[in-house]
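# Close look at the chain arrangement
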Amino acid sequence: SGTTGAAGGDLIPQSFATRLESMLAATDPIFSLATMFKTSSGSATTFPILTDEGSSSAVVAEGGTSAADDVPLLFAGLAFGKCPSHRSGLIFASVELVFDSAFDFEALLAAAAGIRFARGAGALFIATLLGSAALGVTAAATGAIAGAEVFSLIDALDDAYAPGACFLMRRATFTALSKLVGSSGNFLFPATFDAQGRPVLAGFPVFISPSMPALGASAKTIDFGDHSRFIRRQVRDSLRVAVFPERRAEFSQIRYQVFLRVDGDLAKSTTACPVVYLQQHS
């Protein structure tokens with residue numbers, strides 16, 4: 001089912017949205033790791049965040065009163081400006097392909113749009129994430145990472161965010177780490193996987209993001225932390241598929257363009273950052 005509007009119309013079946021979402025997560029895991037925050041409009045808004053990492057409970061004797069200087073529960077706000085609109089760019093398909101029952105054209109279109117959004121919005125998400133994260137460790141080399149530096153990065157994360165922590169890096173970076181050997185000739189990080197078949201590094205899951213920087217001088221090549229604290233702000237019902245059946249009719253083609261309003265930022269407090277990164281030496 002879908003809706004049809006003016007100037008070519010909009011086609012928005014739920015199955016299309018589901019398939020596009022799956023392709024986003026498959027292309028760049030930042031889309032699945034982030035916390036979804038849906039808003040009714042694209043105007044400026046605020047996402048509430050808890051900033052209470054330093055507080056703890058206390059034992060009070062029976063009949064006693066709480067201390068007058070008890071620390072109140074603290075909240076802050078993550079401000080989002082006007083939500084930008086991402087466009088897939090024009091996607092052309094032949095009339096035969098669109099209407100041939102041998103092909104699931106909806107799945108093909110969702111996959112194509114999902115990959116384009118993941119490469120575009122995903123790259124912006126990673127840039128924002130790394131810009132808001134805290135420096136955990138600086139590697140001694142410009143194009144390599146030592147095993148001890150990985151553990152130093154883990155230690156740099158506040159304990160409050162360790163339970164849900166994971167690594168985010170390019171595949172080539174993970175491959176370089178997997179090749180590291182110790183003085184005895186054994187691999188420092190032998191191949192291990194979690195229950196979902198995801199690679200594990202030093203006991204924490206690894207997610208492969210093509211948008212993470214490659215090894216190089218001053219590059220932020222690995223980040224580590226609780227990526228659910230990255231908030232993916234998306235305007236509700238902003239996913240549209242515009243169909244232009246007349247624009248390429250003389251070529252027996254139909255033109256499509258997909259629209260999505262989405263933005264993202266890292267929710268962090270003033271006392272501790274939920275994500276830290278490793279930066280290569282300059």
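Okay, so let's go over this structure. Here the residue numbers are simple positions, counted from 1 along each chain's written sequence. In keeping with the model being predicted, local features are shown solely for residues with a pLDDT of at least 70 and side-chain atom pairs are shown and tallied solely at 80 or more, while totals for entire chains, interfaces and linings include all residues. To obtain the side-chain values, all non-hydrogen atoms of the structure were included, while hydrogens and water were left out.

### Things to note about the pairing of strand E7 (residues 166-169)
Along E7, one buried face is formed by Cys-166 and Leu-168 and the opposite face, lined by Phe-167 and Met-169, is buried too. In this sheet, strand E10 (residues 220-225) lies alongside E7 in antiparallel orientation, the contact comprising 4 bridges. Bridging across to E10, Phe-167 finds its partner in Phe-224. Bridge count between E7 and strand E9 (residues 204-208): 3 bridges; the pairing is parallel. Looking across to E9, one finds that Met-169 is bridged to Ile-208. Type-normalised accessible area, obtained with a 1.4 Å probe on protein chains alone, sets the label of each residue: buried when under 20%, exposed when over 50%, and partly exposed for intermediate values. Only runs of H or I of at least four residues qualify as helices and only runs of E of at least two qualify as strands under DSSP, and these elements are numbered from the N terminus. Strands qualify as paired when DSSP identifies two bridges or more between them.

### Some details on the sheet that holds strand E8 (residues 200-201)
Taking strand neighbours across the sheet as the criterion, the 6 strands line up as E6-E14-E10-E7-E9-E8 in an open arrangement whose pairing is mixed. Edge positions in the sheet fall to strand E6 (134-138) and E8, since each has one partner strand and no second. The criterion used for residue contact is that any of the two residues' heavy atoms lie within 4.5 Å. The angle between two axes is taken between their N-to-C directions and runs from 0 to 180 degrees, where each axis is a line fitted to C-alpha atoms and a helix contributes only its stretch in contact. Relative to the sheet, helix H5 (residues 147-156) contacts E6, E7, E8, E9, E10 and strand E14 (275-279), its axis offset from that of E6 by approximately 155°. Each of E7, E8, E9 and E10 touches helix H6 (residues 171-178); the most contacted strand, E7, lies at about 115° to it.

### Some details on H5
When we look at burial in H5, the residues that qualify are Gly-147, Glu-149, Val-150, Leu-153 and Ile-154. When H5 is viewed along its axis, its buried side chains cluster within an angular range of 165° and face the same direction. Within H5, the exposed residues directed more than 90 degrees away from the buried face are Ala-148 and Asp-155. Read the arc as the range of directions from the helix axis to the C-beta atoms.

### Some remarks on helix H1 (residues 14-27)
In an α-helix, one full turn covers 3.6 residues, which means residues spaced three or four apart are oriented alike. What a helix is expected to span follows from its residue count: subtract one and scale by 1.5 Å. The first and last C-alpha atoms of H1 sit 20 Å apart over 14 residues, in line with the 20 Å expected at 1.5 Å per residue. Inspection of H1 places Phe-16, Leu-20 and Leu-24 among the buried residues, and these make up the whole buried set. Down the axis of H1, the sector holding all buried residues measures 75°, keeping them to one side. In H1, those exposed residues whose orientation departs by more than 90 degrees from the buried face are Gln-14 and Ala-26.

### Details of the layout of surface pockets
With a 1 Å grid spanning the protein atoms alone, the term cavity applies to any set of points in which a 1.4 Å probe fits but cannot get out, the term pocket to an open set with protein on both sides within 12 Å along at least five of seven lines, and the term lining residue to any residue with an atom within 4 Å of a point. Grid points are joined across faces, edges and corners, and a volume is the space filled by probe spheres set on the points. For the largest pocket, the calculated volume is near 360 Å³. Taken together, 16 residues make up the lining of the largest pocket; nearest its centre are Ala-17, Lys-38, Gln-234, Asp-237 and Leu-239. Of all the elements in the fold, those that place two or more residues in the lining of the largest pocket are H1, strand E1 (35-39) and strand E11 (230-235). In terms of residues, the lining of the largest pocket owes the most to one element, H1, which gives 5 residues.

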